Amino acid sequence: MAFEPPQRLVRALGETPESAQDADWLGQLPELTEAALARRGVRAQRVLSPGGRSSLVVLVQYADGTPAALKLAPPSARPDRELAALARWAGFGAVRILDTRHHEEDGALLLERLHPEVSLRSLPEAKALLEACGTLRRLWVAPGEGHNWETVAERTELQAGALRSAPAEVRALADAALAAREELTAVAGEELLLHGNFRQGKVLAGERAPWLAVGPEPLVGERAYDLARLVRDRLEDQVASSAGAAGARRRVNKLADALEVDRDRLRGWTLFRAVESGNRALAAGRRRDAELLLEFAAWL
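Each chain has its residues counted from 1, following the order in which its sequence is written. At least 70 in pLDDT is required for a residue's local features to be given in this predicted model, at least 80 for side-chain atom pairs to be given and counted, and no such filter applies to totals for whole chains, interfaces and linings, which use all residues. To get the side-chain values, take all heavy atoms of the structure and skip hydrogens and water.

Draft legend 1. Layout of the sheet that holds strand 6 (residues 115–119). What the three strands build is an open sheet, ordered 6-8-9; its pairing is antiparallel. Across the chains shown, the open sheet's two edge strands, defined by having one partner strand only, are strand 6 and strand 9 (211–213). For this sheet, the mean angle separating the axes of adjacent strands, direction not counted, is 55°. Here the rule is simple: two strands pair whenever DSSP picks up at least two bridges between them. Each helix is a run of DSSP H or I of at least 4 residues and each strand a run of E of at least 2, with the numbering of both proceeding from the N terminus. Only the stretch in contact is used when a helix axis is fitted, and all axes are lines through C-alpha atoms; the angle between N-to-C directions ranges over 0 to 180 degrees.

Draft legend 2. Region of the structure containing the sheet that holds strand 3 (residues 67–72). Taken in spatial order, the five strands line up as 1-2-3-5-4 in an open sheet, and their pairing is antiparallel. Strands at the two margins of the open sheet, each flanked by one partner only, are strand 1 (43–47) and strand 4 (97–99). Sheet twist, expressed as the average angle between the axes of neighbouring strands with direction ignored, equals 40°. In the sheet, strand 4 pairs with strand 5 (residues 109–112) via two bridges, with the strands oriented antiparallel. Bridge pairing in strand 5 links Ile-97 to Leu-111. Contact between two residues is taken to exist if any of their heavy atoms lie within 4.5 Å; hydrogens are not considered. In the packing of helix 3 (residues 29–40) onto the sheet, the strands contacted are strand 1, strand 2 (56–61), strand 3 and strand 5, and the crossing angle to strand 3 comes to about 140°. Packing of helix 4 (residues 79–89) onto the sheet brings it into contact with strand 3, strand 4 and strand 5, and relative to strand 5 it is tilted by some 35°.

Draft legend 3. Up close: the packing of aromatic side chains. Stacked, tilted and edge-to-face are the three classes applied to pairs of Phe, Tyr and Trp rings, where Trp contributes its six-membered ring and a pair requires centres within 6.5 Å; stacked means planes under 30 degrees apart, edge-to-face means over 60, and tilted covers the rest. Summed over all chains, the structure comprises three aromatic pairs. Here the aromatic rings of Trp-269 and Phe-272 are separated by 5.9 Å at their centres, their planes lie at 90°, and the arrangement is edge-to-face. Of this pair, Trp-269 and Phe-272 both sit in helix 12 (residues 263–283), three residues apart, which is roughly one turn of the helix. For the residue pair Trp-269 and Phe-272, the accessibility class agrees, reading buried in each case. The interplanar angle of 65° and the centroid separation of 6.4 Å between the aromatic rings of Phe-296 and Trp-299 together place this pair among those described as edge-to-face. Highlighted residues: Phe-296 and Trp-299, both in helix 13 (residues 287–299), separated by three residues, approximately one helical turn. Considered together, Phe-296 and Trp-299 belong to a single accessibility category, that of buried residues. Charges are assigned to positions over rings by a cutoff of 6 Å between ring centre and Lys NZ or Arg CZ, combined with an angular limit of 35 degrees from the ring normal. Arg-273 extends its terminal NZ or CZ atom over the ring of Tyr-225, reaching a point 4.2 Å from the ring centre. Only protein chains enter the accessibility calculation, which uses a 1.4 Å probe; a residue whose area is less than 20% of its type maximum is buried, one above 50% is exposed, and one in between is partly exposed.

Draft legend 4. Up close: the pairing of strand 2. Among the six residues of strand 2, six are classified as buried, and the element is accordingly described as predominantly covered. Across the two faces of strand 2 the burial is the same, with Leu-56, Val-58 and Val-60 and Val-57, Leu-59 and Gln-61 all buried. Inspection of the sheet shows strand 1 paired to strand 2 by four bridges, in the antiparallel sense. From the neighbouring strand, Ala-44 faces strand 2, where its bridge partner is Val-60. Inspection of the sheet shows strand 2 paired to strand 3 by six bridges, in the antiparallel sense. Bridging from a neighbouring strand, Val-60 pairs with Ala-68 of strand 3.

Draft legend 5. A look at helix 6 (residues 125–139). Each helix should span, by expectation, one fewer than its residue count multiplied by 1.5 Å. Here helix 6 contains 15 residues, and its C-alpha end-to-end distance of 21 Å stays within 8% of the 21 Å for a straight helix at 1.5 Å per residue. Listing the buried residues of helix 6 in full gives Ala-128, Leu-129, Ala-132, Cys-133, Gly-134, Thr-135, Leu-136 and Leu-139. Those residues of helix 6 that are buried lie in contact with helix 4, strand 7 (192–194), strand 8 (203–205), strand 9, helix 9 (223–231) and helix 11 (244–258).

Don't take any of this as a statement about function, it's just geometry.
What follows is the structure, encoded as structure tokens:
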């Protein structure tokens, strides 16, 4: 079986300053996958296609027929932190780890098999948001003593650096986003373990639970930061609707109230994350994505 990296993964790595370590990983991915399968004694059934922007996922099977999924991600994705977060959640609201014995050797994750073709995006919007909120409630737990996850302030400081040199067409929104971030990080807030990249597509159907989160980019901070990415889910539908700015603000308020999050803080983080993503998309040449994100941000 061929284990070539998905094109979405290749493009995504190409949009960021690629480290030599990531480049080596990408070049050796077929061999790394074969070795990871052999270490764990599982047989590949098929590579998940079209695949994700952050990893290669292979659907596998134990000798006794038990299904599982093998995930390989580049070093920059910090699979060790993903493993730590999944271990902290212990299958409550998130995919379960099946085997950790060889993780330090290759960084691969052997996970329970979910239904990758069925995410919350397959549900009507209102039902999808209801299930998403229920999943988030399960994930927001104390990070534990001696945790080493980065904080929201640390992660967004790196992102703010790029916004400070945003092009002229983004300048006004970038300034507003930077001001919002400065205000939001001025005082210490909640310290909870966050998913970090939570959206409807990151919640898949399972067997032992109806819906389970996958693909965390874990960090520690306040719930409003985690919820902010969900606010702009199904962005094309939101932009295409006639509701415009009023609809975007109603969505912020609805999600904030549903999860008892401060409305202003959710609006601020939604603005920052939308502008940061829009600026990054623009730099990568994804102009259509950038325009949608920046139009949405302007409504906030």
